[in-house]
Amino acid sequence: MNISFDLDRTLIPNEKEFNTEKRSLIAKYFGIEKLRKGSRNLIKDLQNQGYTIHIYTTSFRSKFRIRTTLQYYGIKVNLIVNQTENQKVLRSKNINASKYPPAFNFDIHIDDLIGVGLEGKKHNFKTIIISPNDTNWSETIKKSIKQLSSTNIIRQKENAQ
Ligand SMILES: [Mg+2]
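Everything numeric here is computed off the predicted structure, so don't read it as measured data. Per chain, residue numbering runs from 1 following the sequence as it is written. Whole-chain, interface and lining totals are the exception, using all residues; otherwise, since this is a predicted model, local features are given only for residues with pLDDT of at least 70 and side-chain atom pairs are given and counted only at 80 or more. Note that the side-chain values use all heavy atoms of the structure and ignore hydrogens as well as water.

## Section: the coordination of the magnesium ion
Quick reminder of the rule: The donor set comprises N, O and S atoms within 2.8 Å of the metal, extended to 3.2 Å for Na, K and Ca; water molecules are omitted, so apparent gaps in a site may simply reflect that omission. Burial classes follow relative accessibility: with a 1.4 Å probe on protein chains only, a residue under 20% of its type's maximum area counts as buried, one over 50% as exposed, and anything between as partly exposed.
For the magnesium ion, the full set of protein donor atoms is D6 (OD), D8 (O) and D112 (OD), at a range of 2.1 Å. Written as a sequence motif, the donor residues of the magnesium ion are D-x1-D-x103-D. D6 gets classed as buried once you look at its relative accessible area, which sits at 4%.

Listed below in structure tokens is the structure:
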């Protein structure tokens, strides 16, 4: 199963919405961004459970910059979709939404924006909306993924009958 994470205010703070992982001064100097505390453990955990993790952001940061920041914290992800690619693909598919995870085969998308959750209801894709204030965010995400995965299995069984 493919899971995508938003960046801004989900994994990377805009200001000081959440605690962040340790970052050295040298890393800061080289443009490594702050990362939400617990990101590494959460992503590793999900990968160990067999989920494939991607980044899906409407930011114009380069994929190289995003990958370098994640690698600094020991995180490897599969695909990175930035706004340049997002706009190109959604335009070509004539989709009128800020994000449309199925266009990239992402099964569940994790984001801070309620608007993305509403788009999910409208366009029929699965989201987990996580507040920047949620100090228990890793657990919230893990529970929601389990729930969404099990409803998926139930639906598949219903369709098979
Ligand atoms: Mg965001």
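## Details of the packing of aromatic side chains
Cut-off, in case you're wondering: When the centres of two rings from Phe, Tyr and Trp lie within 6.5 Å, Trp using its six-membered ring, the rings pair. Their planes under 30 degrees apart give stacked, over 60 give edge-to-face, and anything left gives tilted. A ring is considered to have a charge above it if a Lys NZ or an Arg CZ atom is located within 6 Å of its centre and within 35 degrees of its normal.
In total, this model carries 6 aromatic pairs according to the counting rule given. Seen from their ring centres, Y29 and F30 are 5.2 Å apart, and the 85° between their planes marks the pair as edge-to-face. Take Y29: its relative accessible area is 69%, and that puts it in the exposed class. A cation sits over an aromatic face here: R36 above W137, 4.3 Å from the ring centre.

## Section: the nonpolar core
Note the following rule: Here, nonpolar core means buried Ala, Val, Leu, Ile, Met, Phe, Trp, Tyr and Cys residues that are tied together by side-chain atoms lying within 4.5 Å of each other. In this text, helices come from DSSP runs of H or I with a minimum length of four residues, and strands from runs of E with a minimum of two, each type numbered from the N-terminal end.
Membership of the largest hydrophobic core comes to 28 residues, with the highest contact counts inside it found for F5, I55, I141 and I145. Per element, the largest residue contribution to this core is 4 residues, and it comes from helix α6 (residues 137–160).

## A few points about the pattern of salt bridges
Should their charged atoms come close, side chains of opposite charge can pair. Going by this rule: Put simply, a salt bridge is a Lys or Arg side-chain nitrogen that is within 4 Å of an Asp or Glu carboxyl oxygen.
Summed over all chains, the structure comprises 10 salt bridges. Linking R61 and E33 is a salt bridge whose minimum nitrogen-to-oxygen distance equals 2.7 Å. Of this pair, R61 sits in the loop between β2 (52–56) and α3 (63–72) while E33 sits in the loop between α1 (25–29) and α2 (39–48), placing them 28 residues apart in sequence. A salt bridge links E139 to K142; its shortest N-O distance comes to 3.6 Å. Here E139 and its partner K142 are both found in helix α6, 3 residues apart, which amounts to about one turn of the helix. Each of D8, E33, R61 and R65 takes part in a single network of salt bridges with overlapping partners.

## Some remarks on the side chain of D6
The criterion, for reference: By the criterion applied in these results, polar contacts are pairs of N or O atoms within 3.5 Å in which, for protein atoms, one can donate a hydrogen and the other can accept it, and in which residues neighboring in sequence qualify only through two side-chain atoms. Two residues form a contact once any of their heavy atoms are found within 4.5 Å.
In this fold, D6 is placed in the loop between β1 (2–5) and α1. At 2.7 Å, the side chain of D6 and the side chain of T10 are in polar contact. At 3.1 Å, the side chain of D6 forms a polar contact with the side chain of K99. Non-local contacts of D6, meaning those with residues more than four positions away in its chain, are made with L11, Y56, T57, K99, H109, I110, D111 and D112.

## Considerations on α2
In plain terms, the rule: An arc is given here, and it is the one of the directions from the helix axis to the C-beta atoms.
Within α2 the residues assigned to the buried category are S39, L42, I43 and L46. What you see down the axis of α2 is that its buried residues fit within an arc of 90°, all on one side. Seen from the open side of α2, the exposed residues pointing more than 90 degrees away from its buried face are N41 and N48. Note on α2: the residue one or two positions beyond its end, G50, has a positive phi of about 100°.

## Some words on the environment of P13
Within the secondary structure, P13 sits in the loop between β1 and α1. As a C-alpha pair, P13 and R65 span 52 residues in sequence and 16 Å in three-dimensional space.

## Structural notes on the environment of R65
Within the fold, R65 resides in helix α3. For the pair formed by R65 and G31, sequence separation is 34 residues and the distance between their alpha carbons is 8.2 Å. Non-local contacts of R65, meaning those with residues more than four positions away in its chain, are made with G31 and E33.

Function cannot be inferred from these measures alone, as they are strictly geometric.
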